[in-house]
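Descriptive structure summary
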Amino acid sequence: MTEAGAAQARMNIGEVHAALREEFPSLLLSKLRYFEAEGLVVPTRTPSGYRKYSSDDVERLRTALVLQRDHHLPLKIIKEHLDAMDRGLEPPALSSGPRVPRLVLAPDGAPSSETFATDGSTLRLTRRELCAAAEVDEALLDDLESYGLVVPRPGSAPYDNDAIVIARTAAELASFGIEPRHLRAFKTAADREVGLVEQVAAPIRRSRERGAEGRAEEVTGQIAALSVRLHATLVRVGLRRLR
């Protein structure tokens, strides 16, 4: 391919994001910028400063995302894999010797960091639409709002998809005699976990380092996922004592 043809084949960050979102639906633009800031990929820049990614750059990003999503590798190890590939070497082995089954380390259904990515959904529901979608009555919704479990946003359609999940889950719990007033402990615990995450993420977000926004988003998702996994495992251990 000629030099002009190679330049024409390069993609901007929006095109790369769109291409990778097919395989990684929760991928944010900030993560691409974060990977660049951490040196995982170095796109060329036009004279006006716009990023241009080659097909090799895109494949490198895809490899990093797969290693992170499927193998839960930290960034340092991912960089070692990419460096080995750059130098024509076999990348470090993902495992050596017998391994504990992955299901034990990450129980089926446990959230990943992508679960806590910024929600890009545009779903907005009225009160009547929420009750219909969640199959709950307005009395239950009133109780959920009074205890701060569902918080409507300003506007004529103040509810989102998270409100559906909360309302439907609360309704299922109610069938066992667990009422919204009993769920205040869940809200208090969640608020404490959010506060803990924010203690770590806030200084990163305020820093002037390149890629700070993406790094804060990444750290937030990782800590949140670990927090929920720990909570679920501790509940399971506690229930075991009841049997």
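Residues numbered from 1 in each chain as written. Predicted model: local features only at pLDDT ≥ 70, side-chain atom pairs only at ≥ 80, totals over all residues. Heavy atoms only, no water.

Going by what an unreviewed UniProt entry lists, the chain is known as DNA-binding transcriptional MerR regulator and is assigned to Nocardioides marmoribigeumensis.

Overview of the overall build of the chain
Regarding its fold elements, the chain presents 11 helices and 2 strands. The secondary structure elements of the chain, listed N-terminal to C-terminal, are α-α-α-β-β-α-α-α-α-α-α-α-α. When the accessible surface of the chain is totalled, it reaches about 15800 Å², and 55% of it is carbon and sulfur. (Helix = DSSP H or I, 4+ residues; strand = E, 2+ residues; numbered from the N terminus. Areas by Shrake-Rupley, 256 points an atom, 1.4 Å probe, with all protein chains shown as cover.)

Here's the deal with helix α10 (residues 184-206)
At 3.6 residues per turn, the α-helix brings residues three or four places apart onto the same side. The end-to-end C-alpha distance of α10, which contains 23 residues, comes to 32 Å, matching closely the 33 Å that a straight helix rising 1.5 Å per residue would cover. Along α10, the sharpest change in direction is near 35° and occurs at Val200; proline Pro203 comes one to four residues later. Of the residues making up α10, those classed as buried are Val197, Ala201, Ala202 and Ile204. The inward-facing, buried residues of α10 abut α11 (212-240). (Expected span 1.5 Å × (residues − 1). Bend = angle between axes of the 7 residues up to and from the residue. Buried < 20%, exposed > 50% of the residue type's maximum accessible area, 1.4 Å probe, protein only. Contact = heavy atoms within 4.5 Å.)

A short note on the packing of helix α7 (residues 127-134) against helix α9 (residues 161-174)
The contact between α7 and α9 brings their axes to 9 Å, and the two run at 55°. Viewed along their axes, α7 and α9 adopt a mutual orientation that is oblique. At the point where α7 passes α9, the crossing takes the right-handed sense. Here α7 contributes Leu130, Ala133 and Ala134 to the contact with α9, which in turn contributes Ala163, Ile164, Ala167 and Arg168. Looking at the contact of α7 with α9 residue by residue, the classes come out as 6 nonpolar, no polar and 1 charged. (Axes fitted to C-alpha atoms, helices over the stretch in contact; angles between N-to-C directions. Parallel < 35°, antiparallel > 145°, perpendicular 65-115°, else oblique. Left-handed = near helix turned anticlockwise from the far one by under 90°. Nonpolar A, V, L, I, M, F, W, Y, C, P; charged D, E, K, R; others polar.)

Describing the environment of Arg210
Mapped onto the elements, Arg210 comes out in the loop between α10 and α11. Sequence spacing of Arg210 and Glu36 is 174 residues, and the spatial spacing of their C-alpha atoms is 9.1 Å. In this structure, Arg210 is in contact with Glu36, Ala37 and Arg45, ignoring residues within four places of it in sequence.

Observations concerning the pattern of salt bridges
Counted according to the given criterion, the structure contains 15 salt bridges. Here Arg127 ties to Glu138 by a salt bridge, and the two come within 3.0 Å at their closest N and O atoms. Within this pair, whereas Arg127 is found in helix α7, its partner Glu138 is found in helix α8 (residues 138-146), the two being separated by 11 residues in sequence. Looking at Glu138, the relative accessible area reads 42%, which means it is partly exposed. Taken together, the salt bridges that share partners define one network made up of Arg127, Glu138, Asp142 and Glu145. (Salt bridge = Lys/Arg side-chain N within 4 Å of Asp/Glu carboxyl O.)

What to know about a nonpolar patch on the surface
A cluster of nonpolar side chains, namely Val235, Leu239 and Leu242, defines an oily patch on the protein surface of about 290 Å² accessible area. Within the secondary structure, Leu242 sits in the segment after α11. Given a relative accessible area of 69%, Leu242 falls into the exposed group. (Patch = residues over 30% accessible without salt bridge, like charges linked within 9 Å, V, L, I, M, F, W, Y side chains within 5 Å.)

Brief notes about the packing of aromatic side chains
Tallying each qualifying case throughout the model produces 1 aromatic pair. On the numbers, 6.1 Å between centres and 35° between planes, the contact of Tyr34 with Phe35 is tilted. This pair shows no difference in class: Tyr34 is buried, exactly as Phe35 is. (Phe/Tyr/Trp six-rings, centres within 6.5 Å; stacked < 30°, edge-to-face > 60°.)

Examining the environment of Arg69
Relative to the helices and strands, Arg69 resides in helix α4 (residues 55-71). A residue is classified by how much of its surface remains accessible, and Arg69, at 29% relative accessible area, is partly exposed. Arg69 sits 45 residues away from Phe24 along the chain, and the two C-alpha atoms are 9.1 Å apart. At 3.3 Å, the side chain of Arg69 and the backbone oxygen of Glu23 are in polar contact. (Polar contact = N/O pair within 3.5 Å; in protein donor to acceptor, adjacent residues only side chain to side chain.)

Examining the nonpolar core
In this structure, Leu20, Phe35 and Leu61 are the most contacted members of the largest nonpolar core, which totals 20 residues. When residues of this core are traced back to their parent elements, those giving at least two are α2 (13-21), α3 (29-37), α4 and α5 (75-86). Top contributing element to this core by residue count: α4, with 5 residues. In this view, Phe35 contacts Leu40, Val41, Leu61, Ala64, Leu65, Gln68 and Leu75; residues no more than four positions away in its chain are not counted. Membership of the second largest hydrophobic core comes to 16 residues, among which are Leu130, Ala134, Leu141 and Leu183. (Core = buried A, V, L, I, M, F, W, Y, C linked by side-chain atoms within 4.5 Å.)

Re the side chain of Glu218
Looking at the element boundaries, Glu218 is found in helix α11. What Glu218 contacts, discounting residues up to four positions off in sequence, is Lys31, Tyr34 and Gln68.

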